[in-house]
Amino acid sequence: MRANRKILTRVLAALGLVAALAGCENSATAYMIDGSQHALILVREQKFFWDDELRQAVVVSRLPACQKRIRIHPGSTELVEMRVYQAGDMLWALQQGARWYLAGTEECRLQDWDNPGNQPPGALVGSFMLKEGQPVFVAAPPAN
């Protein structure tokens, strides 16, 4: 009888753990610049389902030259669209809400950017957003 109770307790604990982890978001979504070797990747991680904030990072990658994962400001559980703009040669501006970042793939760097005019520095390339409940990168329509 005691063995059955221990087994039941372990099964219930395992099911509880699975249920707790099921609500967590752990996603990585890529903007492929020149194939899979040259990309900007938005990574979002929620440690526990009850956390209101998610850790976010951008992986700036131009293999084999460099690849770095840089933490950015936390995000909410609902993905706030992140727009990606062309900002120069191997340089992109990322806008998520009121925050701006500059990402350079020459040396794989990323930094906060105080965009004084709050205007995009170049053409919209696309956006990291939710589509059918999943984070994806959606390319901007071609300019006419």
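Keep in mind that what you see is a predicted model, and the values were worked out from it rather than measured. (Residues numbered from 1 in each chain as written. Predicted model: local features only at pLDDT ≥ 70, side-chain atom pairs only at ≥ 80, totals over all residues. Heavy atoms only, no water.)

## As for the sheet that holds strand β7 (residues 99-104)
Taken in spatial order, the 6 strands line up as β8-β7-β6-β5-β9-β10 in an open sheet, and their pairing is antiparallel. Each edge of the open sheet carries a strand with a single partner, namely β8 (109-112) and β10 (134-139). Direction aside, the axes of adjacent strands within the sheet are offset by 20° on average. Both strand β9 (residues 124-131) and β10 contribute to a ladder of 6 bridges, which runs antiparallel. Within β10, the residue paired with K131 across the bridge is Q134. (Pairing = 2+ DSSP bridges. Helix = DSSP H or I, 4+ residues; strand = E, 2+ residues; numbered from the N terminus. Axes fitted to C-alpha atoms, helices over the stretch in contact; angles between N-to-C directions.)

## Re the sheet that holds strand β3 (residues 53-62)
Pairing within the open sheet is antiparallel, and its 4 strands lie in the order β1-β2-β3-β4. Two strands in the sheet have a free side with no partner beyond their single neighbour: β1 (26-32) and β4 (66-76). Pairwise comparison of adjacent strand axes, ignoring direction, gives a mean angle of 20° for this sheet. Taken together, the 8 bridges between strand β2 (residues 38-45) and β3 define a ladder with antiparallel strand orientation. By the bridge assignment, L40 is partnered in β3 with V60.

## Brief notes about the environment of G104
Looking at the element boundaries, G104 is found in strand β7. Between the C-alpha atoms of G104 and L40, which are 64 residues apart in sequence, the distance is 9.5 Å. Not counting the four nearest positions on each side in its chain, G104 is found in contact with V60, M90, L91 and R109. (Contact = heavy atoms within 4.5 Å.)

## Brief notes about a nonpolar patch on the surface
A contiguous nonpolar patch, built from F48, F49 and W50 and spanning about 340 Å² of accessible area, is present on the exposed surface. Summarising the element assignment, W50 is placed in the loop between β2 and β3. Overall, W50 belongs to the exposed group, its relative accessible area being 54%. (Patch = residues over 30% accessible without salt bridge, like charges linked within 9 Å, V, L, I, M, F, W, Y side chains within 5 Å. Areas by Shrake-Rupley, 256 points an atom, 1.4 Å probe, with all protein chains shown as cover. Salt bridge = Lys/Arg side-chain N within 4 Å of Asp/Glu carboxyl O. Buried < 20%, exposed > 50% of the residue type's maximum accessible area, 1.4 Å probe, protein only.)

## A word on the state of the cysteines
Counted by the stated rule, this structure contains 1 disulfide. Disulfide partner of C66: C108, at an S-S distance of 2.1 Å. Between C66 and C108, the disulfide has an S-S torsion of 75° and is therefore right-handed. Of this pair, C66 sits in strand β4 while C108 sits in the loop between β7 and β8, and the two are 42 residues apart along the sequence. For C66, a relative accessible area of 14% corresponds to the buried category. Since its relative accessible area comes to 1%, C108 is described here as buried. (Disulfide = S-S within 2.5 Å.)

## Digging into unusual backbone geometry
In this structure, P64 follows L63 across a cis peptide bond, with omega equal to 5°. With respect to the helices and strands, the residue P64 is situated in the loop between β3 and β4. Phi at M90 is positive, roughly 60°, even though this residue is not glycine. Considering the arrangement of structural elements, one finds M90 in the loop between β5 (82-88) and β6 (91-96). Non-glycine residue N118 carries a positive phi angle of around 55°. Considering the arrangement of structural elements, one finds N118 in the loop between β8 and β9.

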